[in-house]
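Here is how the chains run, residue by residue.
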Amino acid sequence: MKIEENDFVTEAEAGTYAHKTVTSSLADLNEATSQTLRPLVEFVEAAVNSDKLASADLQVSDADILVQLQTSIINLPLAYGKNIHKIMVGDGEVDVNVYMIIAAPEINRSKLRIDELMAAEQLVKDPDQALNQFTDWLEAQLTTLAENQQAAAEEAD
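Quick summary incoming for the structure in this document. Model, not experiment: these values are computed from the prediction.

1. Points about the packing of aromatic side chains
- A full pass over the atoms with the stated rule returns 1 aromatic pair.
- Between Phe134 and Trp137 the ring centres are 6.3 Å apart and the planes differ by 25°, which places this aromatic pair in the stacked class. Of this pair, Phe134 and Trp137 both sit in helix 6 (residues 127–156), 3 residues apart, which is roughly one turn of that helix. As far as burial versus exposure is concerned, Phe134 and Trp137 are alike and both buried.

Structure below.
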């Protein structure tokens, strides 16, 4: 999937991309990570098949954690649309990639981590591989989050 850089900036700033939110408890997310993430991958796959930008969000109901799977041309969340145009260079038509995002107070100093999953076209070709990689990534982030929370609790004592 490709998109004109200017069209991407316009959609990101206006928030006109496809969007879906699902909710899960932290216990359910830890217990069945892959099954919990599957609807996000399926939503992004359908959006890419329709040549639409997308954000699939997983809101953890009992913790301050937001997990997102987004299509973008840059490793910034689509919510930062107003800032994205400042760093675009007018490259014309560019590739769309899929990014994994976690926002949580204890994930790191910036409270945000974003990593590229794969090209949008690759996700469509192999959604199972995308789900497996997304699952592995999120499990690692949840481990980091738990370790950081434990360290913060120990410092507070």
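2. Here we look at helix 1 (residues 5–14)
- Restricting attention to buried positions, one finds in helix 1 the residues Glu5, Phe8, Val9 and Ala12. Looking straight down helix 1, one finds its buried side chains confined to an arc of 95°; they lie on one side. Exposed positions of helix 1 whose direction lies more than 90 degrees from the buried face are Asn6, Thr10 and Ala14.
- In this fold, the buried residues of helix 1 make contact with strand 1 (2–4), strand 4 (66–72), helix 4 (81–84) and strand 5 (93–95).
- Gly15 occupies a position one or two residues after helix 1 and carries a positive phi of about 70°.

3. Considerations on the side chain of Gln141
- Mapped onto the secondary structure, Gln141 falls in helix 6.
- For Gln141, the contacting residues outside a window of four places in its chain are Ile102, Ile107 and Arg113.

4. A short note on the pairing of strand 4
- Within strand 4, 6 of the 7 residues are buried, which leaves it mostly tucked inside the rest of the structure.
- Relative to strand 4, strand 3 (residues 54–60) runs antiparallel, the two being bridged by 5 bridges. Bridging from a neighbouring strand, Asp57 pairs with Gln68 of strand 4.
- With antiparallel pairing between neighbouring strands as the criterion, strand 3 and strand 4 make up a hairpin whose turn holds 5 residues.
- Relative to strand 6 (residues 97–103), strand 4 runs antiparallel, the two sharing 7 bridges. Bridging across to strand 6, Ser72 finds its partner in Asn97.

5. Re the packing of helix 3 (residues 33–49) against helix 6
- Interhelical geometry of helix 3 versus helix 6 gives an angle of 130° and a closest axis separation of 9 Å. By the angle class used here, helix 3 and helix 6 are oblique. Seen along the crossing, helix 3 lies across helix 6 with a hand that is right-handed. Across the interface between the two elements, Thr33, Ser34, Leu37, Arg38, Leu40, Val41 and Glu45 from helix 3 touch Pro127, Asp128, Ala130, Leu131, Phe134, Thr135, Leu138 and Glu139 from helix 6.
- Split by residue class, the contact of helix 3 with helix 6 holds 8 nonpolar, 3 polar and 4 charged.

6. Structural notes on the nonpolar core
- Counting 46 residues, the largest nonpolar core has Phe8, Leu69 and Phe134 as the members making the most contacts within it.
- If you list the elements that add at least two residues to this core, you get helix 1, helix 3, strand 3, strand 4, strand 6, strand 7 (112–119), helix 5 (120–125) and helix 6.

Conventions used here
Residues numbered from 1 in each chain as written. Predicted model: local features only at pLDDT ≥ 70, side-chain atom pairs only at ≥ 80, totals over all residues. Heavy atoms only, no water. Phe/Tyr/Trp six-rings, centres within 6.5 Å; stacked < 30°, edge-to-face > 60°. Helix = DSSP H or I, 4+ residues; strand = E, 2+ residues; numbered from the N terminus. Buried < 20%, exposed > 50% of the residue type's maximum accessible area, 1.4 Å probe, protein only. Arc of directions from axis to C-beta. Contact = heavy atoms within 4.5 Å. Pairing = 2+ DSSP bridges. Axes fitted to C-alpha atoms, helices over the stretch in contact; angles between N-to-C directions. Parallel < 35°, antiparallel > 145°, perpendicular 65-115°, else oblique. Left-handed = near helix turned anticlockwise from the far one by under 90°. Nonpolar A, V, L, I, M, F, W, Y, C, P; charged D, E, K, R; others polar. Core = buried A, V, L, I, M, F, W, Y, C linked by side-chain atoms within 4.5 Å.

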